[in-house]
Amino acid sequence: AQSVAQPEDQVNVAEGNPLTVKCTYSVSGNPYLFWYVQYPNRGLQFLLKYITGDNLVKGSYGFEAEFNKSQTSFHLKKPSALVSDSALYFCAVRDLGVGNNDMRFGAGTRLTVKP
Amino acid sequence: GAGVSQSPSNKVTEKGKDVELRCDPISGHTALYWYRQSLGQGLEFLIYFQGNSAPDKSGLPSDRFSAERTGGSVSTLTIQRTQQEDSAVYLCASSSGQGVHEQFFGPGTRLTVL
């Protein structure tokens, strides 16, 4: 079955600095990869996805993620962090090789951007 | 509707009682998903529907949990004989299809079992 690992429970960065939130995955076939964000007291919101094509995917709010097949990673990045980016970030994967439709989420990484 | 809605937003119940949680997906979305998010934990997949059928029930934690979807729209998640470990936020999501389509999440139902 597919799985996702987010190795960092917490990431702290200063406003204006670049940020990276790490994600690695395990699938039997080709993956569909997603990033979601959960702001305090709000539901999860879709940020971006990788399906095929260009390994660098651009999404909402200036975020981007790079698909690396050899490292089975899909790290989320932003060149310059904002205090308003502080939230809980989830990586998710759907395994095309399995043929089912459930999506596996990582445990989440709490991003704190300090002014 | 404009988004996925869930009701109630909060539910406090006593151990042993049954509860029903409701999800209204985005109109026209054929796929519907239920997840559970415990405090400080990631999202735990429970079940998904394609139309009214549930091809994958593998995530339901016990036979006290069941879900149905009628008319390809509203879904209810029922927990019988609730236990304290059932306390969590239950999230519903819908998508317009399978595979590449992202999921749109509701605000969740916070269930507290006393």
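The structure reproduced in this document is the subject of the present report.

### Description of the overall build of chain B
On a plain count of helices and strands, chain B comes out with zero helices and eleven strands. Written out in order from the N terminus, the α and β elements of chain B read β-β-β-β-β-β-β-β-β-β-β. Computed over its C-alpha atoms, the radius of gyration of chain B comes to 13 Å, within 12% of the 13 Å expected for a compact globule of 114 residues. Projected onto its principal axes, the C-alpha positions of chain B cover 40 × 25 × 25 Å. Put simply, chain B has 114 residues, and 49% of those count as buried. Considering only contacts in chain B between residues 6 or more positions apart, those separated by 24 or more positions represent 53%. Split by element, the accessible area of chain B, about 5,200 Å² in all, is 46% carbon and sulfur. Between the centroid of the 10 positive side chains of chain B and the centroid of its 11 negative side chains there is a distance of 4 Å.

### Quick notes on the overall build of chain A
Across its full length, chain A holds zero helices and twelve strands. Taken from the N to the C terminus, the helices and strands of chain A come in the order β-β-β-β-β-β-β-β-β-β-β-β. Since a compact globule built from 115 residues should have a radius of gyration of about 13 Å, the 14 Å found for chain A is in line with a globular shape. Overall size of chain A, expressed as C-alpha extent along the three principal axes, is 45 × 30 × 20 Å. Relative to its full complement of 115 residues, chain A shows a buried share of 47%. Look at the contacts in chain A between residues 6 or more apart in sequence, and 58% of them connect residues 24 or more apart. Roughly 5,300 Å² of accessible area belongs to chain A as shown, and the carbon and sulfur atoms make up 48% of that amount.

### Considerations on the side chain of Arg-64 of chain B
Residues and elements named next belong to chain B. Relative to the helices and strands, Arg-64 is located in the loop between strand S6 (53–56) and strand S7 (65–69). Relative accessible area serves as the criterion here: at 12%, Arg-64 is assigned to the buried category. Side-chain polar atoms of Arg-64 contact the backbone oxygen of Arg-81, separated by 3.2 Å. Discounting residues that sit within four places of it in the chain, Arg-64 has contacts with Thr-78, Ile-79, Gln-80, Arg-81, Thr-82, Gln-83 and Asp-86.

### With respect to the interface of chain A and chain B
Each partner contributes to the interface: chain A provides 20 residues, whereas chain B provides 20 residues. In total, about 1,600 Å² of surface goes out of reach between chain A and chain B, with carbon and sulfur atoms giving 53% of it. Counting the contacts that link chain A with chain B gives one salt bridge. Among the salt bridges present, the one from Glu-102 of chain B reaches Lys-49 of chain A, with a minimum N-O distance of 2.9 Å. On inspection of chain A and its partner chain B, the count reaches four residue pairs in polar contact (both at pLDDT 80 or more). Where the side of chain A that touches chain B is concerned, the elements lending two or more residues are strand S5 (31–38), strand S6 (44–50), strand S10 (87–95) and strand S11 (104–105) of chain A. At four residues, S5 of chain A tops the list of elements feeding residues into the side of chain A that touches chain B. The residue makeup of the side of chain A that touches chain B, split by class, is eleven nonpolar, five polar and four charged.

Criteria and cut-off values
- Residues numbered from 1 in each chain as written.
- Chains lettered and ligands numbered in written order.
- Predicted model: local features only at pLDDT ≥ 70, side-chain atom pairs only at ≥ 80, totals over all residues.
- Heavy atoms only, no water.
- Helix = DSSP H or I, 4+ residues; strand = E, 2+ residues; numbered from the N terminus.
- Rg over C-alpha atoms; globule rule 2.2 N^0.38 Å.
- Buried < 20%, exposed > 50% of the residue type's maximum accessible area, 1.4 Å probe, protein only.
- Contact = heavy atoms within 4.5 Å.
- Areas by Shrake-Rupley, 256 points an atom, 1.4 Å probe, with all protein chains shown as cover.
- Lys, Arg positive; Asp, Glu negative; His and termini not counted.
- Charge placed at Lys NZ, Arg CZ, Asp CG, Glu CD.
- Polar contact = N/O pair within 3.5 Å; in protein donor to acceptor, adjacent residues only side chain to side chain.
- Buried area = accessible area lost by both parts, 1.4 Å probe.
- Salt bridge = Lys/Arg side-chain N within 4 Å of Asp/Glu carboxyl O.
- Nonpolar A, V, L, I, M, F, W, Y, C, P; charged D, E, K, R; others polar.

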